[in-house]
Amino acid sequence: MNADRKRELVSMMELDQGTLSELAHRGEIGPHQPYHPVLREIHESNARALAEIIEEIGWPTISKVGAQAAEAAWNIVQHSVSDTGFMSDCADLLEVAVSSQDAEGWQLAFLKDRLQTMSGEEQIYGTQFDEDAEGWPTPFPIRDPDGVNERRLALGLNSIEERTSEMRVRETARREAVSRANEEGGTLETSD
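Below is a summary of the structure that appears in this document. Just so it is clear, the structure is predicted and the values come from calculations on it, not from any experiment. (Residues numbered from 1 in each chain as written. Predicted model: local features only at pLDDT ≥ 70, side-chain atom pairs only at ≥ 80, totals over all residues. Heavy atoms only, no water.)

Right, let's talk about the overall build of the protein chain for a bit. Looking only at helices and strands, the protein chain features 8 helices and 2 strands. Its C-alpha atoms give the protein chain principal-axis dimensions of roughly 55 × 40 × 25 Å. Residue burial in the protein chain is summarised as follows: out of 192 residues, 44% are buried. Considering only residue pairs separated by 6 or more positions, the protein chain has 55% of its internal contacts joining residues 24 or more positions apart. Per element, the accessible surface of the protein chain, about 10500 Å² overall, is 49% carbon and sulfur. (Helix = DSSP H or I, 4+ residues; strand = E, 2+ residues; numbered from the N terminus. Buried < 20%, exposed > 50% of the residue type's maximum accessible area, 1.4 Å probe, protein only. Contact = heavy atoms within 4.5 Å. Areas by Shrake-Rupley, 256 points an atom, 1.4 Å probe, with all protein chains shown as cover.)

Have a look at this one:
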């Protein structure tokens, strides 16, 4: 196992997630706001570093860097929205790792769907959500919706109905937190 690359990947993901959480808490990011320049800088820097790691060791699989760092690699590429070519190349590498049982299938589902929705195409696994007119989570359009749960199950995901329910529960909790903060005279801007 490559301990140096493992630490590097986990550190990049922690910076990404910590910054994302802080900006969301301050209300500086949200579903319909422009790409925050601080996040863009982190995401692009992380993508460059991941590209160097891939050049050195190939896709950071579980056997190469451990499960946490392999997930960090996925997180980095999932947020590399400024370079869809890089994302697509990584999806190909991740697909090989998943077929070798050296990466989690759900990671491939999220990455492929992100690429699909970013290009205006229907997603395959139903992992990407938008908001309806009332601000409730709803999946972006899904190719062959009748077969989506079978595809989700094959990659270790729960049903689309269960996932939609989970997303609605999170949105309900977010709304309740905002309401409580407003009632107490403070403000709380949260967004996923």
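For the rest of this paragraph, the subject is the environment of Ala 69. Relative to the elements of secondary structure, Ala 69 occurs in helix H4 (residues 67–78). Beyond its immediate sequence surroundings of up to four residues, Ala 69 is in contact with Lys 6, Leu 9 and Val 10.

Another aspect to go through is the nonpolar core. Leu 9, Leu 50, Trp 59, Val 77, Phe 86, Leu 94 and Leu 111 are the most contacted members of the largest nonpolar core, which totals 36 residues. Put simply, the parts of the chain that give this core at least two residues each are helix H1 (3–25), helix H2 (37–57), H4, helix H5 (84–99) and helix H6 (105–118). Ignoring any residue separated from it by four or fewer positions in sequence, one finds Phe 86 in contact with Ala 47, Leu 50, Ala 51, Ile 54, Val 77 and Ser 80. Counting 5 residues, the second largest nonpolar core, distinct from the first, contains Phe 129, Ile 142, Ile 160 and Met 167. (Core = buried A, V, L, I, M, F, W, Y, C linked by side-chain atoms within 4.5 Å.)

Across its 21 residues, H2 extends 30 Å between first and last C-alpha, which sits within 8% of the 30 Å expected from 1.5 Å per residue. Where H2 is concerned, the buried positions are Leu 39, Ile 42, His 43, Asn 46, Ala 47, Ala 49, Leu 50, Ile 53, Ile 54 and Ile 57. Tucked inside the fold, the buried residues of H2 contact H1, helix H3 (62–65), H4 and H5. Positive backbone phi, at 80°, marks Gly 58, one or two positions downstream of H2. (Expected span 1.5 Å × (residues − 1).)

We now examine the pattern of salt bridges. Taken as a whole and assessed by the stated rule, the structure comprises 11 salt bridges. In this structure, Glu 8 engages Arg 5 in a salt bridge whose closest nitrogen and oxygen atoms are separated by 2.4 Å. Separated by 3 residues within a single helix, Glu 8 and Arg 5 lie in helix H1, roughly one turn from each other. Accessibility expressed as a relative area gives 27% for Glu 8, which makes it partly exposed. You can call Arg 5 buried: its relative accessible area is 15%. (Salt bridge = Lys/Arg side-chain N within 4 Å of Asp/Glu carboxyl O.)

With 12 residues, H4 should cover 16 Å at 1.5 Å per step; its first-to-last C-alpha distance of 16 Å lies within 8% of that length. Three or more residues of H4 are buried, namely Ala 69, Ala 70, Ala 72, Ala 73, Trp 74, Asn 75, Ile 76, Val 77 and Gln 78. The inward-facing, buried residues of H4 contact H1, H2, H3, H5 and H6.

Position of Ile 53 among the secondary structure elements: in helix H2. Linking Ile 53 and Gly 30, residues 23 residues apart in sequence, is a C-alpha distance of 31 Å. The residues contacting Ile 53, other than those within four sequence positions of it, are Arg 5, Glu 8, Leu 9, Met 12, Gly 58 and Pro 60.

Before going further, it helps to examine unusual backbone geometry. Notably, Gln 101 is not glycine yet its phi reads approximately 60°, a positive angle. At Asp 144, a residue that is not glycine, the phi angle is positive and equals roughly 45°. With respect to the element layout, Asp 144 can be found in the loop between strand S2 (137–139) and helix H7 (148–154). When its relative accessible area of 45% is taken as the criterion, Asp 144 is described as partly exposed.

The relation between two aromatic rings is expressed through the spacing of the ring centres and the mutual angle of the planes. Applying the stated rule across the entire model yields 3 aromatic pairs. Judged by centre distance (4.8 Å) and plane angle (75°), the ring pair of Trp 74 and Trp 106 falls under edge-to-face. Linking Trp 74 in helix H4 with Trp 106 in helix H6, this pair joins segments that are 32 residues apart in sequence. Classification of Trp 74 by relative accessible area gives buried; the value is 10%. (Phe/Tyr/Trp six-rings, centres within 6.5 Å; stacked < 30°, edge-to-face > 60°.)

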